[in-house]
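Chain by chain, the residues:
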Amino acid sequence: MLIMMKAGSLPEDVDRIRRIIHELGFDTRAVTLGDRLGVRTVGADLDDLEAITQRAEVEQLLPIGQPIPLAAGQPRGTRSQVRVGPATIGDGFTLIAGPCAVETREQLLGVATAVKRSGAEILRGGAWKPRTSPYEFQGLGQAALELLEQARGETGLPIVTEAVDHASFDQLEACAEMVQIGARNMQNYELLKRAGRSSRAILLKRGISATLDEWLMAAEYILQAGNRNVVLCERGIRTYSGHSRFTLDLSVIPVLRRITHLPVIVDPSHASGDRRSVAALARAAAAVGADGVMVEVHDNPENARCDGRQSLSSEEFERLSRSIRLIEAAIDSPTEPVL
Ligand code: PEP
Ligand code: MN
């Protein structure tokens, strides 16, 4: 646990808090969180430290082990919004949709037009694809960027696409409004620093086996390097389950809403790996308080070169979009402040 002290707290305030926690039987360490002081505890959980949160000198209690001064909740309790061209993530529920990989002009334009009609605000499409097997389609690279630009020209949708290394980052940056750092690169710290030097919005996916701490620390890398336009994306983690490609950790959404001001979206496509589960998980994401979903859509899912099994048809996406709007209207203010 990490206890963040209020601005202006003095070392003696920290000592007082540490003494109280020692009396409860836990070890502590004083830490510095940017320009704030804090206390790290070992072994204590939220219940143990309940009384501490009531103290005037304490700003908040974070269920994490490492300081994240930039990713933690803002002192005023506000949540950040991230602009992606004409779209804003963190203001209402944002639909991001498109094919796993850009394949052809017809495929991309067909999908882009359809998802725009169904209410998508951002177009996704992979140009460089991190694939498990080197024998699988690796993406069209630069040619895909040109097709994405054409699709934006025709639909007005801003683009999110993945950078897999520094070279692709440099190429993408000139074209895409939002750069994705994929699950496999979440702990590629040099790439995170590169993202931090960019002025583009960054979509940071959760690593396949990443804890909440590790994910937030990855976000902190980008923030610390100077880019404050970071959106988190829960895309499923590896568990013992065999019924689904990964296990979508929806339980992390309310926790993130309490401890970070960063917007968070959900990717039900890569989490499930099966189009029959995608709509249900996307609706659940809307209900649990995510700021949006990113869904794979293909004009011919059976013949997609990448992730066809988990891609929705345009018609299925249209139905999903309508049901999400109903959920949005049914839940009360999903925009309560962070703690
Ligand atoms: C993707 O969104 O295209 C992708 C490869 O996702 P992930 O990094 O979550 O596997
Ligand atoms: Mn995919």
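Up top is the structure.
These lines cover the structure that appears in this document, whether it is placed above or below. (Residues numbered from 1 in each chain as written. Chains lettered and ligands numbered in written order. Predicted model: local features only at pLDDT ≥ 70, side-chain atom pairs only at ≥ 80, totals over all residues. Heavy atoms only, no water.)

Most of strand β12 (residues 230-234) is tucked away, with five of its five residues classed as buried. Going residue by residue along β12, you find Val230, Leu232 and Glu234 tucked away on one face and Val231 and Cys233 tucked away on the opposite face as well. Relative to β12, strand β11 (residues 201-205) runs parallel, the two sharing four bridges. Its bridge partner lying in β12, Leu203 is registered against Val231. In this view, the connection linking β11 to its parallel neighbour β12 by way of helix α7 (residues 212-224) has right-handed handedness. (Buried < 20%, exposed > 50% of the residue type's maximum accessible area, 1.4 Å probe, protein only. Helix = DSSP H or I, 4+ residues; strand = E, 2+ residues; numbered from the N terminus. Pairing = 2+ DSSP bridges. Right-handed = clockwise from strand over helix to strand, strands pointing away.)

What follows concerns the coordination of the manganese ion (ligand 2). Taken together, Cys100 (SG), His270 (NE2), Glu296 (OE) and Asp307 (OD) make up the full set of protein donors to the manganese ion (ligand 2), lying 2.0 to 2.3 Å away. Mapped onto the sequence, the donors of the manganese ion (ligand 2) take the spacing C-x169-H-x25-E-x10-D. With His270 in helix α9 (residues 268-272) and Glu296 in strand β14 (residues 292-296), this residue pair connects regions lying 26 residues apart in the sequence. Neither residue differs from the other here; His270 and Glu296 are each classed as buried. (Donors = N, O, S within 2.8 Å, 3.2 Å for Na, K, Ca; no water.)

Near ligand 1, the surroundings consist of Arg124, Lys129, Glu162, Gln180, Gly182, Ala183, Arg184, Lys205, Arg235 and His270. Ala183 places a polar main-chain atom, nitrogen or oxygen, 2.8 Å from an oxygen atom of ligand 1. A distance of 2.9 Å separates an oxygen atom of ligand 1 from a polar side-chain atom of Lys205. In the complex, 96% of the free accessible area of ligand 1, which totals 300 Å², lies under the protein chains. The class makeup of the residues in the shell around ligand 1 is one nonpolar, three polar and six charged. (Near = heavy atom within 4 Å. Polar contact = N/O pair within 3.5 Å; in protein donor to acceptor, adjacent residues only side chain to side chain. Areas by Shrake-Rupley, 256 points an atom, 1.4 Å probe, with all protein chains shown as cover. Nonpolar A, V, L, I, M, F, W, Y, C, P; charged D, E, K, R; others polar.)

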